[in-house]
Amino acid sequence: MGPYKSFQSKTLGNKVLSLTLPPAPHYSVASRLVASLSPGGFYQPFAVWEFQIAPSQTPGQLLVYPMSFGQRFLVLDHWDSMPVGHVHQLALPPAGTRALDLKLHRSGAAGYSSAFYRLQWTSEHERKQKLDQWRRHAVPPIDWFYVELTSQCNLSCSFCPSKHLKRPRTFMSVDDAQTIFSKISQYLRRRDASWGYTLINQMVFLHVMGEPLLHPHLVECVKAAQDAGLKPALFTNATLLTKANIQKIFTADLSHVTISLNVIDQGGYKALGAKDDLSKQHQRVVHLLRERARRGAYHLHVDIQYIVSDGRTVSGTGLVNSRQEAWSCYRNWIGLIQQIEPSEIQPVGHQPVVQLDLLANPLTQDGGDPSLRLPLAVGIDLVMKGGCSFGNSVVPPGMQLVTTHWGRCPFDSPQRQMAIFVDGSVSFCNLDYENSVKLGSLLEQSVEEVWDSPRMQQIRRDMASGILTEPLCRQCLGTLKPST
């Protein structure tokens, strides 16, 4: 690409930098501009852009926007030409980068021309600051927040490790909940979750382990989340859906409740540790739905969830294991919902239509969470969730686990999830029921300090290379085989 002395030196500060393009080989034909960026003195580029430049007498310029590093780091200022180029590869500059070599190669029907720029910082402090700023801007945003209000549970499901929990069984205080929800809200505001005229209220799931309806100050905790501008979603096993707790749900003005029924027969229900009959469990759900209709509270979305064991290695009895059982669940809930008299306030919108191809094969979908969602009525869905062993922490009888050091999280949890436990401590995975990762605490740190810590950076780098650093991940991506 020519000797280094051919590079024109430019100062890379905080303002937009304008660079002259190589001359057009011929003004009457379109040309192609390839811009490659590499660490000063090295040939191997870490970013390559390609621009198509329309025929024009205007020479044009290439603008460098140093505020953040991404697709729009380079913008073409040229009449009739697209300002943003196609990015063939894009990686952050290595931490030891001392300068940036920008090489421009312009080609057309009549030939080609090139230009070379060396972009340098004015000081060592500015260099480190800018590289760190670019790295922080590239940190993937958190999509899912899970906040554990309590680690207490009134059941002992065979597919859940709650009964083996070593962490203290306690409740999050209202003050701690306010602190945590406030920090999540501050993070989301800095991230800017708005789009056009719409401000998005981020949903926060009030669950990692435990039964939230056990919390003596559930309404106050939900209000703390709402006051912070968040949308709290409740998960419950329905055994505690008493008249008083149903009243709490509506007093808290929740917008989403997932009811984890999980099992389809009496034997499976007893195996959960339940003390009554499965039909009573169904009636509790009907009471909630009836109160929803009576109040006209159709903004409350209700998921009725079962666990699918068909083709999955999951512990437990009475789980959904065939198409016929899935159809039976669907028929049962259609009948139960018909018992509910709608209020005078009808939900807006058409009754949901079931896609027959999904109903024909309700257990065939791979991946995704939930595995399948079937609408029962407006704002009421039947959910078939793929069986989960909490990252192979609950190994079914007759099976043994073989861990692995290689792989990548199928849910991209280190890129997307934050689980906050009852004591404010943090993991990147909601399956980490004992918080073996221990990234930090939202009672003492901001979301960014935890999410962008050196340890999280290393975990993401290793996983991007297929290396599993954490024992949690090695166990989760391991394989189960019959015991010898």
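About the cut-offs
- Residues numbered from 1 in each chain as written.
- Predicted model: local features only at pLDDT ≥ 70, side-chain atom pairs only at ≥ 80, totals over all residues.
- Heavy atoms only, no water.
- Helix = DSSP H or I, 4+ residues; strand = E, 2+ residues; numbered from the N terminus.
- Buried < 20%, exposed > 50% of the residue type's maximum accessible area, 1.4 Å probe, protein only.
- Contact = heavy atoms within 4.5 Å.
- Areas by Shrake-Rupley, 256 points an atom, 1.4 Å probe, with all protein chains shown as cover.
- Lys, Arg positive; Asp, Glu negative; His and termini not counted.
- Charge placed at Lys NZ, Arg CZ, Asp CG, Glu CD.
- Axes fitted to C-alpha atoms, helices over the stretch in contact; angles between N-to-C directions.
- Parallel < 35°, antiparallel > 145°, perpendicular 65-115°, else oblique.
- Left-handed = near helix turned anticlockwise from the far one by under 90°.
- Nonpolar A, V, L, I, M, F, W, Y, C, P; charged D, E, K, R; others polar.
- Pairing = 2+ DSSP bridges.

Caption draft 1: View of the overall build of the protein chain. When you go through the protein chain residue by residue, the secondary structure sums to 12 helices and 23 strands. Dimensions of the protein chain, computed from C-alpha atoms along their principal axes, come out at roughly 85 × 50 × 50 Å. When burial is assessed residue by residue, the protein chain has 49% of its 484 residues classed as buried. For the protein chain, long-range pairs separated by at least 24 residues make up 71% of all intrachain contacts whose partners lie at least 6 apart in sequence. With an accessible surface of roughly 23,500 Å², the protein chain has 54% of that area assigned to carbon and sulfur atoms. The protein chain carries 47 positive and 39 negative side-chain charges, and their two centres are separated by 5 Å.

Caption draft 2: Quick peek at the packing of helix α6 (residues 278–295) against helix α7 (residues 323–337). Here α6 crosses α7 at 45 degrees, and the two axes come no closer than 10 Å. Relative to α7, the element α6 lies oblique. By crossing handedness, the relation of α6 to α7 is classed as right-handed. Judged by residue contacts, H282, Q283, V285, V286 and L289 of α6 engage N332, W333, L336 and I337 from α7. Partitioning the contact of α6 with α7 into residue classes produces six nonpolar, three polar and no charged.

Caption draft 3: Layout of the sheet that holds strand β16 (residues 301–308). Strand order in this open sheet of 10 strands is β17-β18-β16-β15-β14-β13-β10-β20-β21-β22, and the pairing throughout is mixed. Of all the strands in the sheet, just β17 (372–377) and β22 (440–441) have a single pairing partner and so form its edges. Relative to strand β20 (residues 417–420), strand β10 (residues 144–147) runs parallel, the two being bridged by four bridges. Of the residues in β20, the one forming a bridge with F145 is M418. Helix α2 (residues 174–191) rests against β10, β13 (203–206) and β20 of the sheet, and its axis sits at about 175 degrees to β10.

Caption draft 4: Structural detail: the environment of P141. Looking at the secondary structure, you find P141 in the loop between α1 (124–137) and β10. On the basis of relative accessible area, P141 is assigned to the partly exposed category, the value being 36%. In the structure, P141 is positioned 123 residues away from I264 in sequence and 38 Å away in space, judged by C-alpha atoms. Aside from chain neighbours lying at most four places away, what touches P141 is Y187, R191, Q415, R416 and W451.

Caption draft 5: Expanded view of unusual backbone geometry. Phi angles above zero are rare outside glycine, and N262 is one such case at about 70 degrees. For N262, the location among the structural elements is in strand β15 (residues 256–262). Classification of N262 as buried rests on a relative accessible area of 8%. Its identity is not glycine, yet N435 carries a phi of approximately 50 degrees, on the positive side. Tracing the sequence through the fold places N435 in the loop between β21 (425–427) and β22. The class of N435 is buried, set by a relative accessible area of 2%.

Caption draft 6: Local environment of the pairing of β20. By the alternation rule, side chains of β20 split into Q417 and A419 and M418 and I420, which are all buried. Note that β20 and β21 share two bridges and pair antiparallel. The partner of I420 across the bridge, within β21, is V426. The hairpin turn running from β20 into β21, its antiparallel successor, is four residues long, and G424 in that turn takes a positive phi close to 90 degrees.

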